Amino acid sequence: MKLGIVGLPNVGKSTLFNSLTKAGAEAANYPFCTIDPNVGVVPVPDERIKQLGELYHTKKVTPAVIEFVDIAGLVKGASKGEGLGNQFLANIREVDAIVHVVRCFEDPNVVHVDGSIDPLRDIETIELELIFADLEVLERRISKVARTAKMDKEAGREMALLQRIKAHLESGEPASSLETESDEEAKWFSEYNLLTSKPVIYAANVSEDELADDAASNEGVQKVREYAAAHGSEVFVICASIESEIAELDDEEKAMFLEDLGLKESGLEKLVRASYRTLGLMSFLTAGEDECRAWTIKIGTKAPQAAGKIHSDFERGFIKAEVVNYEVLLREGSLAAAREKGLVGMEGKDYVVKDGDVILFRFNV
C-alpha cells in the first residue's frame, strides 16, 4: 500500500511524515522547506503476528508495510508554477490513496501561508490544484488521441470519454465522482492515473489539548468531517507534534504515554485503519518457525489469489489451503492441536479469505 501526503505549507505535513516514518524529512516554520519528495516505508502495527511469533518462537516476524510519499507544500497557483509548481505531483500519481493534512490548530508562532486558519478554504485550494494538474494530463492525452479520433472508432470513443472527464473537472468536481459507462471506458480511465480519481483520507491536525476528546469542540474539525462525509472520505484527528514525540518511544513507553494523554491509539494506527477501510484491504497471516508474516490483500480475495501474493507458483499450482483463525491457533497452542479438534478447514479454490486467517497453502508446480 502506497499513500501520498499532501497539504499546504506549515500544516504539519512533514512533521507527520517524520513521525510516521522517522525518515528525518526537514520540517521548519517556513514554506517550501521540503523540496524533494520523501519516501518512507512503515510497518503496519499488528499484534497478531507478534503473538504468533511468540507461539512459534519464530526467527523472523514480518509485518505488512505502508509506503508514504511526502511532497513539498502546495499553494494556490501551484499548477501554474507558483511556489515550487506542480513538479512534485508526479511523485504521487502512483499512490493508492492521498492523505490530505489539514491545519485545524491556532498557533501565532507558526505562520499560515494564507494568513489565517480556514480548513475548508485550505482543502479547496489543494483540491483545485490537483484538478488543474489532472487537466494538464488530459490535455496531453486529448492532443494525442485527436490525431486518429476522426478515422478510428476506438479513438473516437476514447476522445468522448476524455472530453467528458475534462468537462467534469472544469466544473470543479474530482474525477472520482465521474462514472464510466463501459469496461472499455473504465480501462482507459484507470490508465490516466488521475490524482483526483484517488480516494482521500483527511488528517485533521489539532493542538495537543484537543486530542483527547477527538477535537469534539474544534469547529474546523467539524467542518472537515462534514465535508469528508459529503464526499465519502475518511477523517482522523491527529496532533503532529505529539506523533513526533511518540515516534521516539519504545512500545512500552508509547503505551504509557498514550494512556497519560487519554488516547487509545497513535495517529499511525488511526491512519492504518482508515487506509484499510478506504481501500477495502485486510490481512491474512502465515506462521512457522522460520517466519510469521502478514500479507495485505483486497477484501473478497479467494485462496489461490491470496497464495499468489506469496509467490506466483503458489497460485499457479494451488491445490488446497489449510485455514485456521489466528485466535483459535493461539488458544489451542499449535496447528496440530487445532487439527485434532477439527478446527482447521481444508479449503479449495472458491474459499474467500477472511481477515486474521492463518493459512498454509498446498501447491504443486
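These notes cover the structure that comes with them. All of these numbers come straight from a predicted model, not from anything done at the bench.

1. Points about the overall build of the protein chain
Right, on to step 1. Across its full length, the protein chain carries 13 helices and twelve strands.
Right, on to step 2. Taken over the C-alpha atoms alone, the protein chain extends approximately 65 × 65 × 35 Å along its principal axes.
Right, on to step 3. Buried residues in the protein chain amount to 48% of all 365 residues.
Right, on to step 4. Side chains of the protein chain carry 42 positive and 64 negative charges; the gap between the two charge centres is 8 Å.

2. Considerations on empty space enclosed by the protein
Right, on to step 1. Enumeration according to the criterion identifies one cavity of 30 Å³ or more in this entry.
Right, on to step 2. Taken as a whole, the largest cavity holds about 30 Å³ of empty space.
Right, on to step 3. Residue assignment for the lining of the largest cavity shows that the elements contributing at least two residues are β7 (234-238) and α9 (267-279).
Right, on to step 4. Of the residues belonging to the lining of the largest cavity, the class tally is four nonpolar, two polar and three charged.

3. Some remarks on the environment of E291
Right, on to step 1. Tracing the sequence through the fold places E291 in the loop between β8 (281-286) and β9 (292-298).
Right, on to step 2. Separated by 250 residues in sequence, E291 and V41 place their C-alpha atoms 20 Å apart.
Right, on to step 3. If we ignore the near neighbours within four places in the chain, the residues touching E291 are T58, K60, T62 and T286.
Right, on to step 4. Within the local environment of E291, its side chain forms a polar contact with the side chain of T62, the two groups lying 2.5 Å apart.

4. Concerning the layout of surface pockets
Right, on to step 1. The calculated volume of the largest pocket comes to roughly 730 Å³.
Right, on to step 2. P45, D251, K254, L268 and E269 are, among the 30 residues lining the largest pocket, the residues nearest its centre.
Right, on to step 3. The element contributing the most residues to the lining of the largest pocket is helix α8 (residues 251-260), with four residues.
Right, on to step 4. Classifying every residue of the lining of the largest pocket by side-chain character gives 16 nonpolar, three polar and eleven charged.
Right, on to step 5. Lining the second largest pocket are 26 residues; nearest its centre among them are E127, P174, Y202, Y227 and H231.
Right, on to step 6. Breaking the lining of the second largest pocket down by element, the ones donating at least two residues are β5 (97-103), α3 (119-149) and β6 (200-205).

5. Quick notes on helix α4 (residues 153-170)
Right, on to step 1. With 18 residues, α4 ought to run about 26 Å at 1.5 Å a step, and its terminal C-alpha atoms sit 26 Å apart, in line with that.
Right, on to step 2. Of the surrounding secondary structure, the elements contacted by the buried residues of α4 are α3 and α5 (183-192).
Right, on to step 3. Taking the backbone nitrogen of E154 as reference, a side-chain oxygen 3.1 Å away marks D152 as the first, capping residue of α4.
Right, on to step 4. Just beyond α4, the residue with positive phi is G172, at close to 90°.

Definitions and limits used
Residues numbered from 1 in each chain as written. Predicted model: local features only at pLDDT ≥ 70, side-chain atom pairs only at ≥ 80, totals over all residues. Heavy atoms only, no water. Helix = DSSP H or I, 4+ residues; strand = E, 2+ residues; numbered from the N terminus. Buried < 20%, exposed > 50% of the residue type's maximum accessible area, 1.4 Å probe, protein only. Lys, Arg positive; Asp, Glu negative; His and termini not counted. Charge placed at Lys NZ, Arg CZ, Asp CG, Glu CD. 1 Å grid on protein atoms, 1.4 Å probe; cavity = no way out; pocket = protein on both sides within 12 Å on 5 of 7 lines; lining within 4 Å. Points joined across faces, edges and corners; volume = space filled by probe spheres on them. Nonpolar A, V, L, I, M, F, W, Y, C, P; charged D, E, K, R; others polar. Contact = heavy atoms within 4.5 Å. Polar contact = N/O pair within 3.5 Å; in protein donor to acceptor, adjacent residues only side chain to side chain. Expected span 1.5 Å × (residues − 1).

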